[in-house]
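# A look at the structure
If you want the building blocks of each chain, they are given just below.
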Amino acid sequence: MRTTTTTRIAGASLAAAAALALSVGPAFAADGSVSANLKPVAGNGVMGSGTAMVDVKGNTITVTMAATGLLPNSPHAAHIHFGAAARHECPILSDDKNGDGHINTTEGGPAYGDIVVSLTKTGDTSPKSGLAIDRFSTAPGGKIAYQRGSIKVSSDVAQAISAGESVVVIHGVDYNKDGKYDGNTKSDLMPSLPTEATDPALCGALRVAPAGGMHTGGGLPTDTLKSGGQNEALMLVGGVALLAAAGTGSFAARRARARA
Ligand SMILES: [Cu+2]
(Lines give C-alpha, C1' and ligand atoms only; values in the text may rest on other atoms or scores of the structure.)
Protein backbone atom coordinates (compact mmCIF):
# COMPACT_ATOMS: atom_id res chain seq x y z
CA MET A 1 0.00 0.00 0.00
CA ARG A 2 2.68 2.43 1.06
CA THR A 3 4.77 1.59 -1.97
CA THR A 4 1.87 2.31 -4.28
CA THR A 5 1.21 5.69 -2.69
CA THR A 6 4.86 6.70 -2.84
CA THR A 7 5.07 5.69 -6.47
CA ARG A 8 1.95 7.65 -7.29
CA ILE A 9 3.27 10.78 -5.56
CA ALA A 10 6.62 10.45 -7.30
CA GLY A 11 4.81 10.07 -10.60
CA ALA A 12 2.71 13.16 -9.95
CA SER A 13 5.79 15.21 -9.03
CA LEU A 14 7.50 14.14 -12.20
CA ALA A 15 4.47 15.14 -14.24
CA ALA A 16 4.35 18.49 -12.45
CA ALA A 17 8.03 19.04 -13.07
CA ALA A 18 7.59 18.21 -16.72
CA ALA A 19 4.65 20.62 -17.00
CA LEU A 20 6.69 23.32 -15.29
CA ALA A 21 9.61 22.73 -17.61
CA LEU A 22 7.27 23.11 -20.58
CA SER A 23 5.54 26.22 -19.26
CA VAL A 24 8.73 28.17 -18.58
CA GLY A 25 10.26 27.52 -21.98
CA PRO A 26 9.30 30.48 -24.20
CA ALA A 27 9.74 28.41 -27.33
CA PHE A 28 6.91 26.00 -26.45
CA ALA A 29 3.11 26.12 -26.45
CA ALA A 30 1.64 29.57 -25.97
CA ASP A 31 -0.98 28.74 -23.34
CA GLY A 32 -0.46 30.42 -20.00
CA SER A 33 -1.23 33.30 -17.67
CA VAL A 34 0.74 36.45 -17.09
CA SER A 35 0.15 39.44 -14.87
CA ALA A 36 1.48 42.90 -14.19
CA ASN A 37 1.48 45.54 -11.50
CA LEU A 38 0.79 48.82 -13.25
CA LYS A 39 2.88 51.70 -11.99
CA PRO A 40 3.35 55.36 -12.92
CA VAL A 41 5.52 55.87 -16.00
CA ALA A 42 8.76 57.63 -15.04
CA GLY A 43 8.61 61.39 -15.51
CA ASN A 44 4.91 61.54 -16.32
CA GLY A 45 3.59 62.43 -12.88
CA VAL A 46 0.62 60.10 -12.61
CA MET A 47 -0.21 59.15 -9.01
CA GLY A 48 -1.94 55.92 -9.95
CA SER A 49 -1.63 52.17 -9.90
CA GLY A 50 -3.31 49.04 -11.10
CA THR A 51 -3.11 45.42 -12.08
CA ALA A 52 -3.50 43.52 -15.33
CA MET A 53 -3.84 39.84 -16.08
CA VAL A 54 -3.81 38.08 -19.42
CA ASP A 55 -4.82 34.47 -20.05
CA VAL A 56 -3.57 32.95 -23.26
CA LYS A 57 -5.28 29.95 -24.86
CA GLY A 58 -4.01 29.20 -28.33
CA ASN A 59 -4.35 32.41 -30.31
CA THR A 60 -7.03 33.86 -28.04
CA ILE A 61 -6.46 36.03 -25.00
CA THR A 62 -8.62 37.26 -22.11
CA VAL A 63 -7.56 40.52 -20.48
CA THR A 64 -8.57 41.70 -17.00
CA MET A 65 -7.36 45.10 -15.90
CA ALA A 66 -8.02 47.50 -13.03
CA ALA A 67 -6.47 50.91 -12.51
CA THR A 68 -6.92 54.01 -10.37
CA GLY A 69 -5.49 57.51 -10.30
CA LEU A 70 -6.06 58.36 -13.97
CA LEU A 71 -7.40 61.65 -15.32
CA PRO A 72 -11.16 61.19 -14.81
CA ASN A 73 -13.71 61.31 -17.63
CA SER A 74 -11.11 61.40 -20.39
CA PRO A 75 -10.44 58.63 -22.90
CA HIS A 76 -7.47 56.46 -22.00
CA ALA A 77 -6.02 54.42 -24.84
CA ALA A 78 -4.68 51.15 -23.46
CA HIS A 79 -2.63 48.52 -25.21
CA ILE A 80 -0.49 45.47 -24.93
CA HIS A 81 2.88 46.38 -26.40
CA PHE A 82 5.59 44.03 -27.65
CA GLY A 83 8.65 44.25 -29.82
CA ALA A 84 11.06 41.41 -30.48
CA ALA A 85 13.92 43.89 -30.16
CA ALA A 86 12.40 45.76 -27.21
CA ARG A 87 13.56 45.39 -23.62
CA HIS A 88 10.16 43.97 -22.55
CA GLU A 89 10.04 46.52 -19.76
CA CYS A 90 8.53 49.85 -18.83
CA PRO A 91 10.48 52.94 -19.88
CA ILE A 92 12.83 54.71 -17.51
CA LEU A 93 13.91 58.37 -17.39
CA SER A 94 16.91 57.75 -19.65
CA ASP A 95 14.42 56.86 -22.42
CA ASP A 96 13.45 60.55 -22.52
CA LYS A 97 15.41 61.22 -25.69
CA ASN A 98 14.18 64.78 -26.27
CA GLY A 99 15.01 65.70 -22.68
CA ASP A 100 11.70 67.37 -21.85
CA GLY A 101 11.36 65.40 -18.64
CA HIS A 102 8.45 63.31 -19.92
CA ILE A 103 8.28 59.98 -21.73
CA ASN A 104 6.08 60.12 -24.81
CA THR A 105 4.79 56.98 -26.48
CA THR A 106 7.56 56.83 -29.08
CA GLU A 107 10.27 57.33 -26.46
CA GLY A 108 8.85 54.32 -24.62
CA GLY A 109 9.22 52.15 -27.74
CA PRO A 110 12.70 50.77 -27.02
CA ALA A 111 11.39 49.55 -23.65
CA TYR A 112 7.96 48.14 -24.58
CA GLY A 113 7.84 47.91 -28.38
CA ASP A 114 4.88 48.54 -30.66
CA ILE A 115 1.17 48.19 -30.00
CA VAL A 116 0.17 44.56 -30.58
CA VAL A 117 -3.31 44.59 -28.96
CA SER A 118 -5.66 47.54 -28.49
CA LEU A 119 -7.64 47.08 -25.27
CA THR A 120 -10.84 48.57 -26.66
CA LYS A 121 -14.20 47.99 -25.00
CA THR A 122 -15.90 47.03 -28.27
CA GLY A 123 -15.02 46.21 -31.87
CA ASP A 124 -11.57 45.76 -33.35
CA THR A 125 -8.64 45.05 -31.02
CA SER A 126 -5.84 45.17 -33.57
CA PRO A 127 -3.07 47.81 -33.55
CA LYS A 128 -5.21 49.73 -36.07
CA SER A 129 -7.52 50.67 -33.17
CA GLY A 130 -4.60 52.03 -31.15
CA LEU A 131 -6.10 55.49 -31.00
CA ALA A 132 -9.80 54.64 -31.38
CA ILE A 133 -10.47 57.11 -28.59
CA ASP A 134 -14.26 56.55 -28.56
CA ARG A 135 -13.84 52.84 -27.79
CA PHE A 136 -11.55 53.10 -24.75
CA SER A 137 -12.54 53.62 -21.12
CA THR A 138 -12.91 57.24 -20.01
CA ALA A 139 -11.96 56.33 -16.44
CA PRO A 140 -14.94 57.68 -14.47
CA GLY A 141 -13.62 58.70 -11.06
CA GLY A 142 -10.12 58.09 -12.40
CA LYS A 143 -10.72 54.34 -12.43
CA ILE A 144 -10.74 51.69 -15.11
CA ALA A 145 -12.26 48.25 -14.59
CA TYR A 146 -11.79 46.28 -17.78
CA GLN A 147 -12.37 42.74 -18.88
CA ARG A 148 -12.54 41.38 -22.39
CA GLY A 149 -12.24 37.84 -23.70
CA SER A 150 -12.06 36.24 -27.14
CA ILE A 151 -9.37 38.66 -28.33
CA LYS A 152 -7.62 37.09 -31.32
CA VAL A 153 -3.88 37.55 -31.67
CA SER A 154 -1.21 36.11 -33.93
CA SER A 155 0.67 33.07 -32.68
CA ASP A 156 3.82 35.21 -32.42
CA VAL A 157 2.02 37.65 -30.14
CA ALA A 158 0.40 34.84 -28.13
CA GLN A 159 3.81 33.30 -27.60
CA ALA A 160 5.43 36.60 -26.64
CA ILE A 161 2.70 37.30 -24.08
CA SER A 162 2.96 33.81 -22.58
CA ALA A 163 6.71 34.14 -22.40
CA GLY A 164 6.39 37.27 -20.24
CA GLU A 165 7.72 39.63 -22.90
CA SER A 166 4.76 41.97 -23.37
CA VAL A 167 3.87 45.17 -21.54
CA VAL A 168 0.53 46.80 -20.67
CA VAL A 169 0.41 50.56 -21.14
CA ILE A 170 -2.47 52.91 -20.25
CA HIS A 171 -2.11 56.31 -21.92
CA GLY A 172 -3.39 59.79 -21.08
CA VAL A 173 -1.84 62.20 -18.57
CA ASP A 174 -2.52 65.69 -17.24
CA TYR A 175 0.83 67.43 -16.76
CA ASN A 176 -0.61 70.84 -15.90
CA LYS A 177 -3.31 69.37 -13.64
CA ASP A 178 -6.13 71.34 -15.20
CA GLY A 179 -8.44 68.35 -15.55
CA LYS A 180 -8.22 67.93 -19.31
CA TYR A 181 -5.95 67.01 -22.19
CA ASP A 182 -4.42 70.21 -23.52
CA GLY A 183 -1.13 72.10 -23.86
CA ASN A 184 1.00 73.22 -26.77
CA THR A 185 2.99 70.04 -27.25
CA LYS A 186 1.48 67.87 -29.99
CA SER A 187 1.10 64.12 -29.67
CA ASP A 188 3.90 62.13 -31.28
CA LEU A 189 1.25 59.63 -32.43
CA MET A 190 -1.43 61.99 -33.70
CA PRO A 191 -0.51 65.66 -34.10
CA SER A 192 -4.17 66.71 -33.90
CA LEU A 193 -4.11 65.67 -30.24
CA PRO A 194 -2.10 67.21 -27.40
CA THR A 195 0.71 65.01 -26.11
CA GLU A 196 -1.19 64.71 -22.81
CA ALA A 197 -3.82 62.60 -24.58
CA THR A 198 -1.36 59.92 -25.67
CA ASP A 199 1.64 59.97 -23.34
CA PRO A 200 1.90 56.78 -21.26
CA ALA A 201 0.42 57.07 -17.76
CA LEU A 202 0.65 53.63 -16.19
CA CYS A 203 2.77 50.69 -17.27
CA GLY A 204 3.44 47.15 -16.21
CA ALA A 205 5.39 44.27 -17.73
CA LEU A 206 3.24 41.13 -18.01
CA ARG A 207 5.30 38.46 -16.30
CA VAL A 208 4.67 34.78 -15.73
CA ALA A 209 4.76 35.22 -11.95
CA PRO A 210 1.41 36.39 -10.52
CA ALA A 211 0.97 40.06 -9.66
CA GLY A 212 0.69 39.11 -5.99
CA GLY A 213 3.88 37.13 -6.18
CA MET A 214 6.34 39.84 -5.18
CA HIS A 215 6.71 37.75 -2.06
CA THR A 216 8.05 40.49 0.20
CA GLY A 217 5.30 43.03 -0.35
CA GLY A 218 2.42 40.97 -1.69
CA GLY A 219 1.67 43.26 -4.63
CA LEU A 220 -1.51 45.26 -4.97
CA PRO A 221 -4.58 43.48 -3.61
CA THR A 222 -7.51 44.00 -5.96
CA ASP A 223 -9.86 44.76 -3.07
CA THR A 224 -7.68 47.77 -2.22
CA LEU A 225 -8.39 49.04 -5.71
CA LYS A 226 -12.10 48.23 -5.48
CA SER A 227 -12.52 50.02 -2.17
CA GLY A 228 -10.91 53.07 -3.74
CA GLY A 229 -8.14 53.17 -1.16
CA GLN A 230 -5.82 55.03 -3.47
CA ASN A 231 -3.53 56.28 -0.75
CA GLU A 232 -3.28 52.82 0.67
CA ALA A 233 -2.52 51.48 -2.79
CA LEU A 234 0.16 54.11 -3.31
CA MET A 235 1.71 53.28 0.03
CA LEU A 236 1.82 49.64 -1.01
CA VAL A 237 3.47 50.54 -4.29
CA GLY A 238 6.00 52.63 -2.40
CA GLY A 239 6.59 49.79 0.02
CA VAL A 240 7.23 47.32 -2.73
CA ALA A 241 9.63 49.70 -4.44
CA LEU A 242 11.40 50.27 -1.15
CA LEU A 243 11.77 46.55 -0.59
CA ALA A 244 13.07 46.07 -4.09
CA ALA A 245 15.60 48.83 -3.53
CA ALA A 246 16.64 47.63 -0.11
CA GLY A 247 16.88 43.98 -1.05
CA THR A 248 15.03 41.27 0.83
CA GLY A 249 18.00 40.29 2.95
CA SER A 250 18.74 43.66 4.44
CA PHE A 251 15.04 44.30 4.98
CA ALA A 252 14.73 41.04 6.91
CA ALA A 253 17.78 41.97 8.93
CA ARG A 254 16.39 45.41 9.70
CA ARG A 255 13.06 43.94 10.68
CA ALA A 256 14.81 41.47 12.97
CA ARG A 257 16.75 44.30 14.60
CA ALA A 258 13.60 46.34 15.03
CA ARG A 259 11.91 43.43 16.72
CA ALA A 260 14.83 42.80 19.10
CU1 LIG B 1 0.06 51.86 -25.79
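Check the entry above for the structure.
The following paragraphs examine the structure supplied in this document. Owing to the predicted nature of the structure, the values given are computational and were not obtained by experimental measurement.

## A short note on the pairing of strand E8 (residues 200-206)
Side-chain direction in a regular strand flips from residue to residue, so the side chains alternate between the two faces of the sheet. Among the 7 residues in E8, 7 count as buried, and that is most of the element. For strand E1 (residues 32-40) and E8, the ladder comprises 2 bridges, and the chain directions are antiparallel. Bridged to Pro40 within E8 is Leu202. Pairing analysis gives 6 bridges linking strand E7 (residues 166-171) to E8, with the strands arranged antiparallel. Residue Val167 lies in a different strand from E8, and its bridge partner there is Ala205.

## Some words on the nonpolar core
Core analysis: the biggest nonpolar cluster contains 34 residues, and Val54, Ile61, Met65, Ile80, Val117 and Ile170 have the highest contact counts within it. Those residues within four positions of Val54 in sequence are excluded, and the remaining contacts are Gly32, Ser33, Val34, Ile61, Thr62, Val63, Ile80, Ile161 and Leu206. Counting 7 residues, the second largest nonpolar core, distinct from the first, contains Val41, Ile103, Val169 and Cys203.

## Topic: the environment of Thr138
Tracing the backbone shows Thr138 in the loop between strand E5 (114-118) and strand E6 (144-152). Counting along the chain gives 68 residues from Thr138 to Leu70, while the straight-line C-alpha distance between them is 9.2 Å. Those residues in contact with Thr138 that lie beyond four places of it in its chain are Leu71, Pro72, Asn73, Ser74, Pro75 and His76.

## Quick word on helix H2 (residues 105-112)
Side chains that are three or four residues apart share a direction in an α-helix, a result of its 3.6 residues per turn. Taken together, the buried positions of H2 are occupied by Thr105, Glu107, Gly108, Ala111 and Tyr112. Take H2 and look down its axis: the buried residues cluster within an arc of 150°, on one side only. Residues of H2 that are buried sit in contact with strand E4 (78-82), E5, E7, helix H4 (195-198) and E8. The backbone nitrogen of Thr106 lies 3.2 Å from a side-chain oxygen of the residue at the head of H2, namely Asn104. Gly113 lies just past H2 and shows a positive phi near 80°.

## A closer look at the sheet that holds E8
Within the open sheet, the 8 strands sit side by side as E5-E4-E7-E8-E1-E2-E3-E6. Their pairing is antiparallel. The open sheet has two edge strands with one neighbour each: E5 and E6. Strand-to-strand, the axes of this sheet are offset by a mean angle of 25°, without reference to chain direction. Note that E4 and E5 share 4 bridges and pair antiparallel. Note that in E5 the partner of Ile80 across the bridge is Val117. Seen against the sheet, helix H3 (residues 155-162) touches E1, strand E2 (49-57), strand E3 (60-68), E4, E5 and E7 and runs at an angle of roughly 125° to E2.

Cut-offs used in this document
Residues numbered from 1 in each chain as written. Predicted model: local features only at pLDDT ≥ 70, side-chain atom pairs only at ≥ 80, totals over all residues. Heavy atoms only, no water. Buried < 20%, exposed > 50% of the residue type's maximum accessible area, 1.4 Å probe, protein only. Helix = DSSP H or I, 4+ residues; strand = E, 2+ residues; numbered from the N terminus. Pairing = 2+ DSSP bridges. Core = buried A, V, L, I, M, F, W, Y, C linked by side-chain atoms within 4.5 Å. Contact = heavy atoms within 4.5 Å. Arc of directions from axis to C-beta. Polar contact = N/O pair within 3.5 Å; in protein donor to acceptor, adjacent residues only side chain to side chain. Axes fitted to C-alpha atoms, helices over the stretch in contact; angles between N-to-C directions.

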